[in-house]
Amino acid sequence: MSDIDTNAIGLYTSSAEQLAEKLNTLLANYQVFYMNTRGYHWNVKGEQFFELHAKFEEIYTDLLTKVDEVAERILTLGYQPLHAYSDYAKVSQIQEDKQVADGKQCVQGLVKGFQVLIELQRELLSQASDADDEGTASLASDYIREQEKTVWMLNAYLG
Ligand SMILES: [Fe+2]
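Remember, it's a predicted structure, so these values are computed and weren't measured experimentally.

Q: Which parts of the structure should I look at to understand the UniProt feature "domain: Ferritin/DPS" (unreviewed entry) in the chain?
A: Taking the UniProt record as the reference, the feature "domain: Ferritin/DPS" (unreviewed entry) is found at residues 21-159. As annotated, residues 21-159 comprises 80% helix and 0% strand, and the C-alpha atoms at either end are separated by 37 Å.

See the structure below:
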């Protein structure tokens, strides 16, 4: 393989570029979802405040870790992560969720957001596998497995 056609980690530039674009879409969704989850943490009210307030913090802390991992995967592929809220708002499929204070509605917002992330990550996984990009594929499959379990638990809460 010549270095004209491949990036620093030996992946074809054409597929790396498409993967970086998909990862940027994922990053934008993570950023909007992260802020939604902080909003739930701040605004939730009611008898289950203490339980939900703490659970939402656990979730947004994990989302923030993944934001950094996704952004740094884009850099590893040789591209630049989106880093402006204006770009995130344009690209994200997950919409801003404002003024939500009811515990069940907050949890429903989480389920909806995770469903979008899981779907995007399945597409990313398939794209990465086709490009022999094991690094991106394993990141995506780890996230899918973790978040599928989270969706089960959130749905159990909702009854
Ligand atoms: Fe807090």
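After that view, the rundown keeps rolling.
Q: I'm lost on the pattern of salt bridges in this one. Help?
A: Opposite charge on two side chains lets them pair, provided their charged atoms get close. All chains considered together, the criterion is met by eight salt bridges. Residue Asp133 is joined to Arg73 by a salt bridge in which the shortest nitrogen-to-oxygen separation is 2.8 Å. Within this pair, whereas Asp133 is found in the loop between α4 (103-130) and α5 (134-158), its partner Arg73 is found in helix α2 (residues 49-76), the two being separated by 60 residues in sequence. Note on accessibility: Asp133 and Arg73 belong to one class, buried. One salt-bridge network, in which partners are shared between bridges, spans Asp62, Lys66 and Glu146.

Q: Got a minute to help me understand the packing of α2 against α5 in this structure?
A: The axes of two packed helices give the description: the angle between them and the distance between them. At a closest axis distance of 12 Å, the pairing of α2 and α5 adopts a crossing angle of 165°. Comparing the axis directions of α2 and α5 gives the class roughly antiparallel. For the element pair α2 and α5, the recorded crossing hand is left-handed. Seen from α2, the contacting residues are Glu51, Leu52, Ile59, Asp62, Lys66, Glu69, Val70 and Arg73; seen from α5, they are Gly135, Thr136, Leu139, Tyr143, Glu146, Gln147, Leu154 and Tyr157. Looking at the contact of α2 with α5, its residues break down into seven nonpolar, three polar and six charged.

Q: Whenever I open this one, a nonpolar patch on the surface confuses me. Can you help?
A: A cluster of nonpolar side chains, namely Met35, Trp42 and Tyr85, defines an oily patch on the protein surface of about 380 Å² accessible area. Of note, Tyr85 is situated in helix α3 (residues 85-91).

Q: Got a minute to help me understand α2 in this structure?
A: Given a rise of 1.5 Å per residue, 28 residues ought to cover 40 Å, and the 40 Å separating the end C-alpha atoms of α2 matches this to within 8%. All of the buried residues in α2 are Leu52, Phe56, Ile59, Tyr60, Leu63, Lys66, Val67, Val70, Ala71, Arg73 and Ile74. Residues of α2 that are buried sit in contact with α1 (13-43), α4 and α5. Once α2 ends, the next one or two residues include Gly78, with phi positive near 100°.

Q: How should I be thinking about the environment of Ala84 in this particular structure?
A: As for its placement among the helices and strands, Ala84 is situated in the loop between α2 and α3. The class for Ala84 is partly exposed, based on a relative accessible area of 25%. A sequence separation of 53 residues divides Ala84 from Gln31, and the C-alpha atoms of the two residues are 9.9 Å apart.

Parameters at a glance
Residues numbered from 1 in each chain as written. Predicted model: local features only at pLDDT ≥ 70, side-chain atom pairs only at ≥ 80, totals over all residues. Heavy atoms only, no water. UniProt positions renumbered as here; feature names shortened; annotations may be inferred. Helix = DSSP H or I, 4+ residues; strand = E, 2+ residues; numbered from the N terminus. Salt bridge = Lys/Arg side-chain N within 4 Å of Asp/Glu carboxyl O. Buried < 20%, exposed > 50% of the residue type's maximum accessible area, 1.4 Å probe, protein only. Axes fitted to C-alpha atoms, helices over the stretch in contact; angles between N-to-C directions. Parallel < 35°, antiparallel > 145°, perpendicular 65-115°, else oblique. Left-handed = near helix turned anticlockwise from the far one by under 90°. Contact = heavy atoms within 4.5 Å. Nonpolar A, V, L, I, M, F, W, Y, C, P; charged D, E, K, R; others polar. Patch = residues over 30% accessible without salt bridge, like charges linked within 9 Å, V, L, I, M, F, W, Y side chains within 5 Å. Areas by Shrake-Rupley, 256 points an atom, 1.4 Å probe, with all protein chains shown as cover. Expected span 1.5 Å × (residues − 1).

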